[in-house]
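# Report on the structure
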Amino acid sequence: MDERLLMQTLEQAGGVFLRVGGFFMAMPLFSGPAVPVRVRLMLALAVTWMILPVAPPAGMALLGPEGMLVAVEQILLGVAMGMVLQVLFQAVLMAGQMIATAMGLGFAVTVDPVNGVSEVVLGQYFQLVASLLFLALDGHLAVIRLVAESFHLLPVGLGNLPPTGLETLLRWSAHLFSGAIQLALPALAALMMVNLILGVTTRAAPALNLFAVGFPVSLSVGLLAVMWTLPVMARLFEPWLESALMTLRRLIGLEG
């Protein structure tokens, strides 16, 4: 009897760990190479240890013939929950890249420690601000709470993937473009006006060195536009985060 109870506990802990581990694989702030694998593993184990006492028993044995399918399903569900937040942060990164390209800083590229790829410096700065806002708004606590609630609505077992999960993710991915344009539009409009004025000036005075005059002007106006954009980001990020949490609730079936 004790041996069977021990096996059930291990199987339940394994199912919880796989879903939480998949979530940390895709969640921003933890998914990049800047966070060592050991740290992510320890975080996943710590969250699993907190969720395990309140998680319902596993619907089937993970060590049985269908255990591999159950494991893959839990990892996919965790990754899907992490991708909802990933879209939010990628929208901020895309807005920074569009502004940097318009102001002439598209060549200022460095290695992004979060994603492990080369990104525009201004985009990384926007993403860093978004990360600080996410932590300041206790987004990490709200997300972990939803991960814990997902085990009551979608317990560990085969066939518990939400049927509309893919559609929910695709609809939410549209915010990657609408959110980025909404954040970058004021700066892009100001830079477009600068380019229009420089174009008319060059047409009127062909001897004017456009590169010597236009680049410092575009850069100066772009930096001012970034200063105007940061307060806008602070106001926009909170409703974006609420929308992301709403999408997570819809993904796990908490809301229709």
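What this report covers is the structure whose coordinates are included nearby. On a predicted model such as this, the values are computed, not experimentally measured, just so you know. (Residues numbered from 1 in each chain as written. Predicted model: local features only at pLDDT ≥ 70, side-chain atom pairs only at ≥ 80, totals over all residues. Heavy atoms only, no water.)

Okay, the overall build of the protein chain next. A tally of regular secondary structure across the protein chain gives eight helices and two strands. The order of α-helices and β-strands along the protein chain, N terminus first, is α-α-α-β-β-α-α-α-α-α. For the protein chain, the residues scored as buried account for 39% of the 256 residues in total. Taking contacts inside the protein chain between residues at least 6 apart in sequence as the whole, the part at least 24 apart equals 80%. (Helix = DSSP H or I, 4+ residues; strand = E, 2+ residues; numbered from the N terminus. Buried < 20%, exposed > 50% of the residue type's maximum accessible area, 1.4 Å probe, protein only. Contact = heavy atoms within 4.5 Å.)

Let's shift gears to the packing of aromatic side chains. Per the stated rule, a full pass over the model turns up four aromatic pairs. When the centroid spacing of 5.7 Å and the interplanar angle of 75° are considered together, the rings of Phe23 and Phe24 count as edge-to-face. The residues Phe23 and Phe24 share a single accessibility class, namely buried. Among the aromatic residues, those joined into a ring-pair cluster are Phe89, Phe134 and Phe237. Between the NZ or CZ atom of Arg19 and the centre of the ring of Phe151, over which it lies, the distance is 4.2 Å. (Phe/Tyr/Trp six-rings, centres within 6.5 Å; stacked < 30°, edge-to-face > 60°. Lys NZ or Arg CZ within 6 Å of the ring centre and 35° of its normal.)

Our next topic: the nonpolar core. Counting 57 residues, the largest nonpolar core has Val20 and Ile51 as its most contacted members. The biggest single contributor to this core is helix α3 (residues 67-103), with 15 residues. Residue contacts for Ile51: discarding those within four places in its chain leaves Val16, Val20, Val147, Ala148 and Phe151. (Core = buried A, V, L, I, M, F, W, Y, C linked by side-chain atoms within 4.5 Å.)

Although it is not a glycine, Asp138 sits at a positive phi angle of roughly 60°. Assignment of secondary structure puts Asp138 in the loop between α4 (121-136) and α5 (139-153).

Turning our attention to α4. Helix length check: α4 (16 residues) gives 23 Å between terminal C-alpha atoms against 22 Å at 1.5 Å per residue, within 8%. Every buried residue of α4 is listed here: Leu122, Gly123, Gln124, Phe126, Gln127, Ala130, Ser131 and Phe134. Residue Asp138 follows α4 closely and has a positive phi angle near 60°. (Expected span 1.5 Å × (residues − 1).)

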